[in-house]
Amino acid sequence: HTEYVGEAGKEASSNMVQECHSYVPGLSITPFWNPEDFEWAKYLESHYATMYKEFKDVTRDMQKLQKQGNNIWAGALTEDASAYGLGWKTLVLMDRGRWDPDNVNLFPTISQTVRDSGVPATEVFFASMDGPSAIKQHTDFTNFVLTSHLPLEVPCNGDNKCRLSVGDETNQWLNGNVMIFDTSLLHDAINESDETRYILMMRLWHPDLTSAEREALQFTYDCLELPGLVSDDASEKFMAENMASTIKAFPEIKSKTPAASEGFGSGSSNGGKKKNKKSKKGGKSKGFGS
């Protein structure tokens, strides 16, 4: 699906073009949505200081982060994501509705705040963008999810050096100010500073979707991970349904022992035994054309 959705007569100069491989008809199209219209956005903004503190504390010690987390600051893997460039990396908390238990336990306050906000998220992850760098104009090929950013650390905050353009509109990232936008439209970004920009990024269901449509789309996500959900074998289907419920549940936050509770970046040694690392999957994959 490719369609010009801007003002008539301005096709030659406008970037109001929607490109979708995955498309639900009839959904409203707005480059930037007003965060004030979403209670979950106001909730996240009100908890910015606490979330930012945890992010800084945990990411201060990269060695520990790499040992204890999954796919820490992984680059984009697919050809569709090539526009993001080498300087764009992610650290995933949730993918297609499934929380990552290890990474959630590294960022328990942030994860629980996102959960408690009620944001209808399908993906939640941190994204870094090196500076100076740019993300080329592209679309995420899906119109039934919107994208939201909670900027955690913006270089030269307020000086308009870190900007996002969607369609024909451009806004700068500002620390603690939620942005909600439609990435089925042509969009690009730039970081003109010499420092790295960090955001908490979320993909969320488009507000115009009905409950039945959300459930159907989530079921499609689940089937990509668990094909047994559509098996003709009753036993295999039952097991897949139980697994789907398990992997989408919010992970248990593990209590830390005195040895393990030494803060990230505290510089103190950990006297506990080193755990065996399990095999990791690849980095942040792109969802439905996202």
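In the block above lies the structure referred to throughout.
Everything numeric here is computed off the predicted structure, so don't read it as measured data. (Residues numbered from 1 in each chain as written. Predicted model: local features only at pLDDT ≥ 70, side-chain atom pairs only at ≥ 80, totals over all residues. Heavy atoms only, no water.)

## Focus: the overall build of the protein chain
Tallying secondary structure elements over the protein chain gives seven helices and 15 strands in all. The 290 residues of the protein chain split such that 48% are buried. Taking as baseline every contact in the protein chain between residues at least 6 positions apart, the subset at least 24 positions apart corresponds to 75%. Summing over all exposed atoms, the protein chain offers an accessible surface of approximately 14,200 Å²; the carbon and sulfur share of this is 50%. (Helix = DSSP H or I, 4+ residues; strand = E, 2+ residues; numbered from the N terminus. Buried < 20%, exposed > 50% of the residue type's maximum accessible area, 1.4 Å probe, protein only. Contact = heavy atoms within 4.5 Å. Areas by Shrake-Rupley, 256 points an atom, 1.4 Å probe, with all protein chains shown as cover.)

## Observations regarding the sheet that holds strand β11 (residues 162–166)
The strand order across the open sheet built from four strands is β8-β14-β11-β12, with neighbouring strands paired in antiparallel fashion. Of all the strands in the sheet, just β8 (133–138) and β12 (169–172) have a single pairing partner and so form its edges. On average, each strand axis in the sheet is inclined to that of its neighbour by 10 degrees, with strand direction left out of account. Across five bridges, the pairing between β11 and strand β14 (residues 187–191) is antiparallel. In the strand pairing of β14, Cys162 is matched with Asn191. (Pairing = 2+ DSSP bridges. Axes fitted to C-alpha atoms, helices over the stretch in contact; angles between N-to-C directions.)

## Re the sheet that holds strand β9 (residues 141–142)
Strand order in the open sheet formed by three strands is β1-β2-β9, and the pairing between neighbours is mixed. Edge positions in the open sheet fall to β1 (2–4) and β9, since each of these has one partner strand only. Where strand β2 (residues 17–22) meets β9, two bridges bridge the pair, whose relative direction is parallel. Across the sheet, residue Ser22 finds its bridge partner in β9, namely Thr142.

## Some remarks on helix α2 (residues 48–59)
Along its 12 residues, α2 runs 16 Å from first to last C-alpha, staying within 8% of the 16 Å computed at 1.5 Å per residue. The complete set of buried residues in α2 reads Tyr48, Met51, Glu54, Phe55, Val58 and Thr59. Down the axis of α2, the buried set is contained in an arc of 135 degrees. They therefore lie on one face. Exposed residues pointing more than 90 degrees away from the buried face of α2 are listed as Ala49 and Lys53. (Expected span 1.5 Å × (residues − 1). Arc of directions from axis to C-beta.)

## Remarks on the pattern of salt bridges
Taken as a whole, this structure holds 11 salt bridges when the rule is applied. The shortest N-O distance in the salt bridge between Asp140 and Arg203 comes to 2.9 Å. In this pair, Asp140 sits in the loop between β8 and β9 while Arg203 sits in strand β15 (residues 197–205), placing the two residues 63 residues apart along the sequence. On the basis of relative accessibility, which here comes to 2%, the residue Arg203 falls in the buried class. Counted as one network, the salt bridges with shared partners bring together Lys53, Asp57 and Arg60. (Salt bridge = Lys/Arg side-chain N within 4 Å of Asp/Glu carboxyl O.)

## Describing the packing of α2 against helix α5 (residues 108–117)
Two elements in contact, α2 and α5, have axes separated by 8 Å at closest approach and are oriented at 145 degrees. On the side of α2, the interface is formed by Thr50, Met51, Glu54 and Phe55, while α5 contributes Pro108, Thr109, Ile110, Thr113 and Val114. Its residues assigned to classes, the contact of α2 with α5 shows five nonpolar, three polar and one charged. (Nonpolar A, V, L, I, M, F, W, Y, C, P; charged D, E, K, R; others polar.)

## So, the packing of aromatic side chains
Tallied over the full model, the rule gives 14 aromatic pairs. Seen from their ring centres, Tyr48 and Tyr52 are 5.8 Å apart, and the 15 degrees between their planes marks the pair as stacked. A residue pair is termed a helical-turn pair when its members lie 3 or 4 positions apart in one helix, as Tyr48 and Tyr52 do in helix α2 at four residues. The interplanar angle of 80 degrees and the centroid separation of 6.5 Å between the aromatic rings of Phe55 and Trp73 together place this pair among those described as edge-to-face. Taken together, the residues Phe55 in helix α2 and Trp73 in the loop between α3 (62–68) and β4 (74–75) connect sequence positions 18 residues apart. On the accessibility criterion, Phe55 (1% relative accessible area) is buried. Pairwise contacts between aromatic rings join Phe55, Trp73, Phe107, Phe126 and Tyr198 into one cluster. (Phe/Tyr/Trp six-rings, centres within 6.5 Å; stacked < 30°, edge-to-face > 60°.)

No statement about biological role is implied by the geometric values presented.
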